[in-house]
Amino acid sequence: MTVKEMHYDLSLRIDKIDSLHYDNLLAPEKDVYLNRAQIMLIKQRYGLSNAYNQGFEESQKRIEDLKMLLIKSCNNGACENPLTPVYFDTIKGIYRFNLNDLTKGKYMIYISSYVQLNNGICEIDVVPRVAQHDDIYISLQDDNYAPSFKWKYLPIIFSEHYLYAYTNNEFQVGNLYVDYLRYPVDIRYGNYNDELGNLIPETSCELPDYLHHEILDLAEVLIKKDLENPTVDLSYKTLQINE
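## A few points about the packing of aromatic side chains
In step 1: Inspection of the entire model under this criterion finds eight aromatic pairs.
In step 2: Ring plane angle 85° and centroid distance 6.2 Å describe the contact between Tyr137 and Tyr166, whose orientation is recorded as edge-to-face. Of the two residues, Tyr137 sits in helix H5 (residues 136-139) while Tyr166 sits in strand S8 (residues 162-166), which places them 29 residues apart along the sequence.
In step 3: The class for Tyr137 is partly exposed, based on a relative accessible area of 46%.
In step 4: An aromatic cluster of at least three residues, connected via ring pairs, comprises Phe88, Tyr162 and Tyr164.
In step 5: Above the plane of the ring of Tyr189 lies Lys4, whose end atom (NZ or CZ) is 4.5 Å from the centre.

## Brief notes about unusual backbone geometry
In step 1: Positive phi is not limited to glycine here, since Lys152 has a value of about 55°.
In step 2: Topologically, Lys152 is positioned in the loop between H5 and strand S7 (155-159).
In step 3: Residue Lys152 is classed as partly exposed on the basis of its relative accessible area of 47%.
In step 4: The phi dihedral of Asn168 falls on the positive side, at around 55°, and the residue is not glycine.
In step 5: Locating Asn168 in the fold gives a position in the loop between S8 and strand S9 (172-182).

## With respect to the pattern of salt bridges
In step 1: For the coordinates displayed, the defined rule picks out 12 salt bridges.
In step 2: Lys224 is the salt-bridge partner of Glu220, the closest N and O atoms lying 2.6 Å from each other. Taken as a pair, Glu220 and Lys224 lie in helix H6 (residues 212-226) at a separation of four residues, close to a single helical turn.

## As for the state of the cysteines
Two cysteines, two sulfur atoms, one covalent bond between them: this is a disulfide.
In step 1: Scanning all chains against the criterion turns up one disulfide.
In step 2: With its sulfur 2.0 Å from that of its partner, Cys74 forms a disulfide with Cys79. Handedness here is read from the sign of the S-S torsion; for Cys74 and Cys79, about 80°, the answer is right-handed.
In step 3: With a relative accessible area of 16%, Cys79 lands in the buried category.

## Comments concerning the side chain of Asn35
In step 1: Position of Asn35 relative to the elements: it lies in helix H3 (residues 27-46).
In step 2: A residue is classified by how much of its surface remains accessible, and Asn35, at 10% relative accessible area, is buried.
In step 3: In terms of polar contacts, Asn35 uses its side chain to reach the backbone carbonyl oxygen of Asp31, at 2.9 Å.
In step 4: Those residues in contact with Asn35, other than ones at most four positions away along the chain, are Val185, Asp186, Ile187 and Arg188.

Parameters and conventions
- Residues numbered from 1 in each chain as written.
- Predicted model: local features only at pLDDT ≥ 70, side-chain atom pairs only at ≥ 80, totals over all residues.
- Heavy atoms only, no water.
- Phe/Tyr/Trp six-rings, centres within 6.5 Å; stacked < 30°, edge-to-face > 60°.
- Helix = DSSP H or I, 4+ residues; strand = E, 2+ residues; numbered from the N terminus.
- Buried < 20%, exposed > 50% of the residue type's maximum accessible area, 1.4 Å probe, protein only.
- Lys NZ or Arg CZ within 6 Å of the ring centre and 35° of its normal.
- Salt bridge = Lys/Arg side-chain N within 4 Å of Asp/Glu carboxyl O.
- Disulfide = S-S within 2.5 Å.
- Polar contact = N/O pair within 3.5 Å; in protein donor to acceptor, adjacent residues only side chain to side chain.
- Contact = heavy atoms within 4.5 Å.

Next comes the structure, spelled out in structure tokens:
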């Protein structure tokens, strides 16, 4: 479905309820709702907030839903480049990776990763473990959860657009290879200017065609909700059967 077809479908959906409410929705405003809807759909598909409580890759359908946005990292130009660490804290041995340095798309959701560790004698690849912020400093002093080259254990946490790896200065951290979901391209009707006066080109939704009607369902709900339309409850019931 092209962006113009999505706009036409959305107009039919909202105009049939009460044209006086929605008559003033312009193309840029519809784009805003369509983009909000596709982000909501991605988060729903990735997490467990759906009718079947299934996360990403728990079924073939989930894989098909989001595979367009999945970026792999490897030692190949066709993949995402590895992230190079900054030795951020020399006292506690903390290394920092900037997720904004990813080049194949704007980082959205972490999927998995592996990192190179070096103890001065040999180098190994390790899958880091995501730790909780309120537990990280306790775990650094716990023999069972402290960073360990021998046991291939490296705790990491996320903050803003950074990923932090904790080593207790027991070893050195090298390149990080991250698999992640990127943000989708914005849906744009085109032929209007942005806030800087630049002409916006037409851009259709890149998610699979079979998801476009679900994006439209969500956009319809968002519009009705913002305008406090009494039919919004019925729209929510429609979303529950989309799965």
